[in-house]
Amino acid sequence: MMRGRTDEFQKRRLITSLCLVGIVVCFVFVYYGSFFGSRVQRGTSTLRRLGSPYLGGSEDADSKQNDSSTALGLEDGDSDVALKSFPVCDDRHSELIPCLDRHLIYQLRLKLDLSLMEHYERHCPPAERRYNCLIPPPPGYKVPIKWPRSRDEVWKANIPHTHLASEKSDQNWMVVRGEKIVFPGGGTHFHYGADKYIASLANMLNFSNNNLNNEGRVRTVLDVGCGVASFGAYLLSSDIIAMSLAPNDVHQNQIQFALERGIPAYLGVLGTKRLPYPSRSFELAHCSRCRIDWLQRDGLLLLELDRLLRPGGYFAYSSPEAYAQDEEDLRIWKEMSALVERMCWKIAAKQNQTVIWVKPLTNDCYMEREPGTQPPLCRSDDDPDAVWGVPMEACITPYSEQSHASRGSGLAPWPARLTAPPPRLADFGYSSEAFEKDTDVWSRRVETYWNLLSQKMKPDSLRNLMDMKTNMGSFAAALNEKDVWVMNVVPEDGANTLKLIYDRGLIGTVHSWCEAFSTYPRTYDLLHAWTVLSDIDRKGCSVEDLLLEMDRLLRPTGFIVIRDKRPLVESIKKYLPALRWEAVATADGVSDSDQDEDEVVFVFQKTLWLTNDNLRDSE
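Attention here is on the structure that accompanies the text. Since the structure is predicted, the reported quantities are computational estimates derived from the model, not experimental observations. Every chain begins its residue count from 1, and numbering advances along the sequence as written. Totals for whole chains, interfaces and linings use all residues, but because this is a predicted model, local features are given only for residues with pLDDT of at least 70 and pairs of side-chain atoms are given and counted only at 80 or more. Side-chain numbers come from the whole structure's heavy atoms, not from hydrogens or water.

**Some words on the packing of aromatic side chains**
- Only Phe, Tyr and Trp rings take part, Trp by its six-membered ring, and two of them pair if their centres are within 6.5 Å. Stacked means planes under 30 degrees apart, edge-to-face means over 60, and tilted covers everything else. Counting across every chain of the model gives 25 aromatic pairs.
- Residues Trp442 and Phe475 carry aromatic rings whose centres are separated by 6.5 Å and whose planes lie at 85° to one another, so their mutual orientation is edge-to-face. You can see Trp442 sitting in helix 12 (residues 432-453) and its partner Phe475 sitting in helix 13 (residues 474-477), a full 33 residues away along the chain. With respect to class, Trp442 is no different from Phe475; both count as buried.
- A ring pair is formed by Phe602 and Phe604, whose centres lie 6.2 Å apart and whose planes are at 10°; its orientation type is stacked. Helix numbers and strand numbers start at the N terminus; a helix is a DSSP run of H or I with at least 4 residues, a strand a run of E with at least 2. Think of it in three bands: with a 1.4 Å probe and only protein chains considered, a residue is buried below 20% of the maximum accessible area for its type, exposed above 50%, and partly exposed in between.

Below is the structure:
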């Protein structure tokens, strides 16, 4: 009996010891898993904890994160930790836009003027609050429907937000049908279809065949307060490309729907800062019930449109003020008419619920105004093309002497303007020969890229493309014959060649890749990064942050083409397992007359993966 009790006692002690060891092992695993799951900043020992306040995290949120990251060890002379896997953000952050996150604004207690829409402008997180995890797709995510079908339908699981379908049910914005969301082409002002509305605008302006492109003279359009961008969607068939613009406001996800459909779009707001486009970029600006108070702050917002319009450009305005007879609408119409008259705009056409104003071709009208007329002309030292974080000013931007003398933009009709040397080339000291050479070089490079992509790329798998560092837009120009569109990104600290890109009939924006881009996750099919890694390294910004941001932007099964210095490209290979990217092809040793000898090309593909919660919800 005594021996049996002793054996039982020893067995209990053994079990207790094993339990204690297990608890200690679990504690060590969780602690060091979290340690290695956080990134080591370059040159600092500060570690970033998962579920940080920026992510709206809590202790519960921390427990949901994937803390399986472990270190692979340090390479000789390398201060970075090579990761087996990056942690996965909580599913609640599947639509995170780091620099347009209102939760961040609340947490940082930023003092913003809501009446000026400052809370919809960019406010990027400080380093200690940046996310450091992979953004997961929503439950049941599917590879997006291909263009052109995507113009009219998308998977509901990819953007599981249907409140706009009920809220705008009488306006035909969108309709839920089973597993899909369908877009009939309606809008607040054009319930019966954007195509009929667009034809009516062309008819008002007496354009031939009711085609708004006016024989190639109208190519770039800014659609302010675009909704789900059906206006821009139906312009594409007329060889018109629109930058559809809207904030992440109460109609959340409208830009996300636009991009999921394959329509060019950007998250932005007419608030206090200039829009990230150079002067004289658009032939037409459009506002259909966009709920913007154009009279506020001495007409500041209307003057921003004036800066962006080309000589002879149009502003199509569809709103109750243009036709209603109640006292308030009549007052707004009277004041707005007086403002645009002082701005030298003329009514080109007015019909039913729409008025179209036209901007003057020259400075003559500005010079003939009475002294002291408001709004004033902008100062001579004001650069109308400086846009990155530059406040708007309530002044009229006059034309350059060259533009004034030419009585217009001097642009060839589309599509000839795509390859014709832009008039503003001289602003950068570029010659026509240099422009033509750049166009030819990138034509050959893009052909090489397409050959590399063909190994993995299915037909029609690409629609939304981004050139993360463009010069004159020649990468996008080389793709003109393909059924894609390109967001051209010009660095904020380099030559502001974005006006050349718009002069070619292309679109783009200014940006710093030390910060997150203004778009939803999973909105681009291909990213082209030409020496972007070198730029980030030179600026001392985090390459890891950039890689995570590229992963955020990219759709599952999308591609990344990196063209950069060999050592930098080689260094990011260690991140492929962490990012769940696969190497597709290399153009090692590919040469052209302008390629740096140490420049190589690598192509990666983002895999489609789901979290455990995703899988449970999709089953």
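**Brief notes about the nonpolar core**
- Think of a nonpolar core as a cluster: buried Ala, Val, Leu, Ile, Met, Phe, Trp, Tyr and Cys residues, connected wherever their side-chain atoms sit within 4.5 Å. The biggest cluster of nonpolar side chains holds 151 residues, and the ones touching the most others in it are Leu212, Leu222, Tyr277, Trp294, Leu302, Phe315 and Trp513.
- Membership of the second largest hydrophobic core comes to ten residues, among which are Ile159, Ala165, Met174 and Ile181.

**Notes on the sheet that holds strand 10 (residues 354-358)**
- With respect to topology, seven strands assemble into an open sheet ordered 6-5-4-7-8-10-9, the strand pairing being mixed. Unpaired on one side and paired on the other, strand 6 (265-267) and strand 9 (346-351) mark the two borders of the sheet. In this sheet, adjacent strand axes meet at a mean angle of 20° when their direction is disregarded.
- When strand 7 (residues 282-288) meets strand 8 (residues 309-318), the two strands line up parallel, connected through six bridges. By the bridge assignment for strand 8, Phe282 is matched with Leu309.
- The sheet strands contacting helix 8 (residues 296-308) are strand 4 (220-224), strand 7 and strand 8, and the helix crosses strand 8 at an angle near 135°.
- In what follows, a contact means two residues having at least one pair of non-hydrogen atoms within 4.5 Å. Axis definition: a line fitted to C-alpha atoms, over the contacting stretch in the case of helices. Angles run 0 to 180 degrees between N-to-C directions. Running at roughly 15° to strand 10, helix 9 (residues 327-342) makes contact with strand 8, strand 9 and strand 10 of the sheet. Following DSSP output, two strands are said to pair if at least two bridges run between them.

**Concerning the state of the cysteines**
- Cysteine sulfur atoms are paired as a disulfide whenever they fall within 2.5 Å. Enumeration over the complete set of coordinates arrives at six disulfides.
- Two residues, Cys344 and Cys365, share a disulfide whose sulfurs are 2.1 Å apart. Residues Cys344 and Cys365 are joined by a disulfide whose S-S torsion is about -85°; by sign, that bridge is left-handed. Taken together, the residues span a long stretch of sequence, with Cys344 in the loop between helix 9 and strand 9 and Cys365 in helix 10 (residues 364-368) at a distance of 21 residues.
- The disulfide that involves Cys514 links it to Cys541, with 1.9 Å between the sulfurs. Across the S-S bond of Cys514 and Cys541 the torsion is about 90°, and the bridge reads as right-handed.

**Concerning helix 9**
- How far a helix is expected to stretch is found by multiplying one less than its residue total by 1.5 Å. Taking 1.5 Å of rise per residue, the 16 residues of helix 9 would be expected to cover 22 Å, and the 23 Å separating its terminal C-alpha atoms lies within 8% of that figure.
- When we look at burial in helix 9, the residues that qualify are Asp329, Ile332, Trp333, Met336, Leu339 and Val340. Down the axis of helix 9, the buried side of the element spans an arc of 130°, and every buried residue falls inside it. Facing away from the buried surface of helix 9 by more than 90 degrees, the exposed residues are Glu327, Lys334 and Glu341.
- The elements touched by buried residues of helix 9 are helix 8, strand 8, strand 9 and strand 10.
- After helix 9 finishes, the residue Cys344 shows a positive phi value of roughly 75°. As used here, the arc belongs to the directions running from the helix axis to the C-beta atoms.

**What about the pattern of salt bridges?**
- The salt bridge definition used is simple: a Lys or Arg side-chain nitrogen within 4 Å of an Asp or Glu carboxyl oxygen. This structure, assessed with the given rule, holds 33 salt bridges.
- Close ionic contact of Glu153 with Lys180 constitutes a salt bridge, the shortest N to O distance being 3.2 Å. Highlighted residues: Glu153 in strand 1 (residues 153-155) and Lys180 in strand 3 (residues 180-182), separated in sequence by 27 residues.
- Measuring nitrogen to oxygen at the nearest pair gives 2.6 Å for the salt bridge that ties Arg310 to Glu283.

**Describing the sheet that holds strand 13 (residues 507-511)**
- Spatially, the seven strands line up as an open sheet ordered 13-12-11-14-15-17-16, and their pairing is mixed. On the outer flanks of this sheet lie strand 13 and strand 16 (581-586), each paired with one strand and no other. Pairs of neighbouring strands in the sheet enclose a mean axial angle of 20°, with direction left out of account.
- In the sheet, strand 14 (residues 524-530) pairs with strand 15 (residues 554-565) via six bridges, with the strands oriented parallel. The residue bridging Trp530 from the neighbouring strand is Arg563, located in strand 15.
- Where helix 15 (residues 532-539) meets the sheet, it contacts strand 14 and strand 15, and its direction lies at approximately 70° from that of strand 15.

**Focus: the pairing of strand 9**
- Pairing of strand 9 with strand 10 involves five bridges; the strand directions are antiparallel. Each residue of the ladder has a partner; that of Lys346, found in strand 10, is Val358.
- Count of turn residues in the strand 9/strand 10 antiparallel hairpin: two residues, of which Asn352 carries a positive phi of about 50°.

**What about helix 5 (residues 194-204)?**
- Residues Ala194, Tyr197, Ile198, Leu201, Ala202 and Met204 constitute the buried set of helix 5. Along the long axis of helix 5, the arc covered by the buried residues comes to 160°, so they all point the same way.
- Looking at the buried positions of helix 5, the neighbouring elements they touch are helix 6 (230-235), strand 7, strand 8, strand 9 and strand 10.
- Asn206, located one to two residues past helix 5, shows a positive phi value of around 60°.

**Remarks on the side chain of Arg369**
- Within the secondary structure layout, Arg369 lies in the loop between helix 10 and helix 11 (401-406).
- Here Arg369 is buried and forms no salt bridge, its nearest opposite-charge partner Asp306 lying at an N-O distance of 9.4 Å.
- Polar contact criterion, stated in full: a pair of N or O atoms within 3.5 Å, where within protein one must be able to donate a hydrogen and the other to accept it, and residues adjacent in sequence count only if both atoms are side-chain atoms. Side-chain polar atoms of Arg369 contact the backbone oxygen of Pro375, separated by 2.8 Å.
- In this structure, Arg369 is in contact with Arg342, Cys344, Gln374, Pro375, Pro376, Leu377 and Ile396, ignoring residues within four places of it in sequence. In this tally, Lys and Arg are treated as positive and Asp and Glu as negative; His is ignored, and so are the chain termini.

**So, the side chain of Arg463**
- Within the secondary structure, Arg463 sits in the loop between helix 12 and strand 11 (464-467).
- The residues contacting Arg463, other than those within four sequence positions of it, are Trp147, Leu236, Gly262, Asp483, Val484, Trp485 and Asp525.

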